[in-house]
Structure formats: C-alpha cells, structure tokens
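Structure assessment
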Amino acid sequence: MTQTAQTLSTDATTQIAEALNQCVAETAVTTMLAQNFHWNVTGMAFGPLHALFQTIYEDHFTAQDDLAERIRALDAHAEGTLAGMIKRSKVAEVDGVPADQEMIRLMKEAQETLAETIAGAGELAANHGDTLTEDLCIARGQAHEKFAWMLRAHLA
Ligand SMILES: [Fe+2]
C-alpha cells in the first residue's frame, strides 16, 4: 500500500533517510569531482569536456538539494558535512590531475556507482510503499545512467 511521509512508520523513515543520505553523500562527492575535472582538464578535447563536466556538476548540485530536502520532508536529519559525506561515499575523491581519458573513466565509474546506490534506495523506498521517494530515485538513477552513457561513448 502506498505510504506518505505522514503514514510511514518511524522504522521505515529511518531506513529510507539512511539510504537517501548515502545518495546525497555520493552525489555531493561527485559534484566536487566534476568541478575538479571541469577546472583541470587539458588536451584537444578541452572545450567539450570542460562543458560536459560543468553540465554534470550543475545537475548534481541541484540533485543533492532535492535528495536532502526529501529527507527533511520525511522529517529525518539530512547530514550536511563534507567530512561525513566523504567518509560514507563509495565514490572517492581523486588526488592529483589525471589525464583527460582517465577523468572520463573515473567520472563514468562514479556515475555507475551513483546509479546503483540510487536504484537501491528507490527499491528500499518502494518496499516500504514510499512511491514518492521511489519516483525521485528513479529520475536520479536515469540521469546518472545517461551521464554514464555519454562518458562511455568518449571511450569507444
Ligand atoms: Fe567554470
């Protein structure tokens, strides 16, 4: 049965918020990763890669807000520290300046990781009848798989 923020059990809300906080963390770390690559990419494909990484970080900046505010709509705590996000994120920051092709590969992997994490959060929400959170996760998962495809196409 479909549930809403008003009818979900406290246990369900806690589990969903935990999954969403994982999504926020990985989205935020990937936002910074995309901005890092936007700033530091070099090579003959500088123009389109500079632009693509900007498209990604702008998308992710909006998304992390949407995900965190869904947590608040469920009346749970949205973890808002960079240290906490980096600690829990399965997407890692990258030291140094990778070559352009390596940046593309790393960003593709980040997008695939995000798609998996968010699909899992959506499934968890669905199992609790929280179709509104599921809907947000489906949209975000699709966005990450689209970015993964765009990045993968560069490596073909
Ligand atoms: Fe810029």
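Source: prediction; values computed, not measured.

Right, let's get into the UniProt feature "domain: Ferritin/DPS" (unreviewed entry) in the protein. As recorded in UniProt, the sites labelled "domain: Ferritin/DPS" (unreviewed entry) are residues 18-155. Across residues 18-155, the secondary structure splits into 80% helix and 0% strand, with the terminal C-alpha atoms separated by 34 Å.

Turning next to the packing of helix 2 (residues 46-73) against helix 5 (residues 131-154). Two numbers describe how helix 2 lies on helix 5: the axes approach to 11 Å, and their chain directions differ by 165°. Taken together, the axes of helix 2 and helix 5 are roughly antiparallel relative to one another. The interaxial crossing formed by helix 2 with helix 5 has left-handed handedness. Contacts between helix 2 and helix 5 involve Leu49, Leu52, Phe53, Thr55, Ile56, Asp59, His60, Ala63, Asp66, Leu67 and Arg70 from the first element and Leu132, Thr133, Leu136, Arg140, His144, Phe147, Met150, Leu151 and His154 from the second. Its residues assigned to classes, the contact of helix 2 with helix 5 shows 11 nonpolar, 5 polar and 4 charged.

Structurally, Gly43 is set in the loop between helix 1 (10-40) and helix 2. Considering only alpha carbons, one finds Gly43 and Ala99, 56 residues apart in sequence, at a separation of 8.4 Å.

Its place among the elements puts Thr13 in helix 1. Setting aside residues no more than four positions away along its own chain, Thr13 makes contact with Leu8, Leu74 and Ala76.

Core analysis: the biggest nonpolar cluster contains 22 residues, and Leu20, Val24, Leu67 and Ile71 have the highest contact counts within it. Elements represented by at least two residues in this core include exactly helix 1, helix 2, helix 4 (100-127) and helix 5. At 9 residues, helix 1 tops the list of elements feeding residues into this core. Leu33, Val41, Tyr57 and Met107 belong to the second largest nonpolar core, which has 19 residues in total.

Here the focus is helix 5. A rise of 1.5 Å per residue sets the reference length of helix 5, with its 24 residues, at 34 Å; its end C-alpha atoms lie 35 Å apart and thus fit the reference within 8%. Those residues of helix 5 that sit buried are Thr133, Leu136, Cys137, Arg140, Gly141, Ala143, His144, Phe147, Ala148 and Leu151. Each element contacted by the buried residues of helix 5 is listed here: helix 1, helix 2 and helix 4.

This paragraph deals with helix 1. Across its 31 residues, helix 1 extends 45 Å between first and last C-alpha, which sits within 8% of the 45 Å expected from 1.5 Å per residue. Most of helix 1 is tucked away: 22 of the 31 residues are buried.

Take unusual backbone geometry next. For Asp75, which is not glycine, the phi torsion reads 65° and is therefore positive. Looking at the secondary structure, you find Asp75 in the loop between helix 2 and helix 3 (82-88).

The rules behind the values
- Here the residue index of a chain counts from 1 through its sequence in written order.
- Owing to the predicted nature of the model, reporting of local features is limited to residues with pLDDT of at least 70; listing and counting of side-chain atom pairs is limited to 80 or more, with chain, interface and lining totals taken over all residues.
- Only hydrogens and water are set aside; all other atoms, that is, all heavy atoms of the structure, feed into the side-chain values.
- UniProt positions are given in the numbering used here, feature names are shortened, and annotations may be inferred rather than shown by experiment.
- Here a helix means four or more residues in a row that DSSP labels H or I, a strand means two or more in a row labelled E, and each is numbered from the N terminus.
- All axes are obtained by fitting lines to C-alpha atoms, using only the stretch in contact for helices, and the reported angles, taken between N-to-C directions, cover 0 to 180 degrees.
- Working definition: roughly parallel below 35 degrees, roughly antiparallel above 145 degrees, roughly perpendicular at 65 to 115 degrees, and oblique for all remaining angles.
- In this scheme the handedness of a crossing depends on how the near helix is turned from the far one: anticlockwise by less than a right angle means left-handed, clockwise means right-handed.
- Any two residues whose heavy atoms approach within 4.5 Å at even a single point are treated as in contact.
- Residues are grouped as follows: nonpolar covers Ala, Val, Leu, Ile, Met, Phe, Trp, Tyr, Cys and Pro; charged covers Asp, Glu, Lys and Arg; every other residue, Gly included, is treated as polar.
- Think of a nonpolar core as a cluster: buried Ala, Val, Leu, Ile, Met, Phe, Trp, Tyr and Cys residues, connected wherever their side-chain atoms sit within 4.5 Å.
- Only protein chains enter the accessibility calculation, which uses a 1.4 Å probe. A residue is then buried if its area is under 20% of the maximum for its type, exposed if over 50%, and partly exposed in between.
- A helix is expected to span 1.5 Å multiplied by its residue count minus one.

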